[in-house]
Amino acid sequence: MIEKDAIREKLKLIRSKLSREDVRTKSAQIRELLFSLPEFQRAKSVSFYVAKENEVQTDHMIKDSLRSGKKVLIPITDKESGKLIFSELRDYDTELEPGAFGVLEPEPAYRRVVSPAAMDLIVVPGVAFDVKGHRLGRGKGYYDRFLSEVSLNKVDAQFIGLAYEFQVLKEIQHEHGDVPVHKIVTEKRIINCRVFG
Ligand SMILES: Nc1ncnc2c1ncn2[C@@H]1O[C@H](COP(=O)(O)OP(=O)(O)OP(=O)(O)O)[C@@H](O)[C@H]1O
Ligand SMILES: [Mg+2]
């Protein structure tokens, strides 16, 4: 879809111009707000994406979650099936290696595959979101397919999008089958998408 691609490219360009300092500071603010959410505090099992380039950084979130005793699940991109497979991560510094599209994922020796049904909360990456929770992702439909599958099988997992404030738009075109996130956390606020939906 041309318009979607144009918006995606524009926002990726803006994101690529953030300084390392900006990425670090804003990601830390997002972490604070995410960790303040009751549904996050309650969650025993949380899936995180591992950030690439200037995406909202999740490394500290992952390490803090492990330290506080949560079960942390990380995706492996399976190009063959077009699906994300989730694996339990126990140590951030030693278990990851670059995988598909250059995203860090668990090395084969550290793969402990878990079913999506075990997730209480899913942290979702995005290039842009609108206030109703619709999202523009990395562009290959992996999270779309995964979230549709989860919402069919487990209705009570919370989907939380992480974004810089400039990535929150008034409206994003969405298609039948797109699964909106429940909340979006930016460096400035928590957006409760169901209020707008
Ligand atoms: N719910 C879905 N089930 C199956 N395929 C889907 C679904 N949503 C999107 N797709 C397919 O995935 C491809 C990419 O979709 P889209 O442009 O929406 O990606 P995206 O949302 O930016 O990516 P991602 O989910 O990986 O972050 C398209 O070919 C689309 O048809
Ligand atoms: Mg999509």
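What you see is a predicted model; the values in this text were computed from it and never measured.

Calculation rules
Residues numbered from 1 in each chain as written. Chains lettered and ligands numbered in written order. Predicted model: local features only at pLDDT ≥ 70, side-chain atom pairs only at ≥ 80, totals over all residues. Heavy atoms only, no water. Buried < 20%, exposed > 50% of the residue type's maximum accessible area, 1.4 Å probe, protein only. Helix = DSSP H or I, 4+ residues; strand = E, 2+ residues; numbered from the N terminus. Pairing = 2+ DSSP bridges.

Q: Mind showing me how you'd approach the pairing of strand 7 (residues 121-124) here?
A: On a regular strand, each side chain points to the face opposite its neighbour's, so the side chains alternate between the two faces of the sheet. Residues Leu 121 and Val 123 of strand 7 are buried on one face, and the alternating residues Ile 122 and Val 124, pointing to the opposite face, are buried as well. Inspection of the sheet shows strand 1 (residues 45-47) paired to strand 7 by 2 bridges, in the parallel sense. Its bridge partner being in strand 7, Ser 47 is matched across the sheet by Ile 122. With 4 bridges connecting them, strand 7 and strand 10 (residues 158-162) associate as parallel partners. The residue bridging Val 124 from the neighbouring strand is Gly 161, located in strand 10.

Q: Got a minute to help me understand the pairing of strand 10 in this structure?
A: Counting buried residues along strand 10, 4 of its 5 residues qualify, which places the element largely inside the surrounding structure. Pairing of strand 10 with strand 12 (residues 183-185) involves 3 bridges; the strand directions are parallel. If you follow Gly 161 over to strand 12, its bridge partner there is Ile 184.

Q: For this particular structure, what's the right way to read unusual backbone geometry?
A: A negative phi angle characterises most non-glycine residues, just as the trans form characterises most peptide bonds. Positive phi, normally seen in glycine, also occurs at Glu 53, with a value near 50°. Among the structural elements, Glu 53 can be located in the loop between strand 1 and helix 4 (59-67). The phi dihedral of Phe 101 falls on the positive side, at around 60°, and the residue is not glycine.

Geometric values such as these leave the question of function open.
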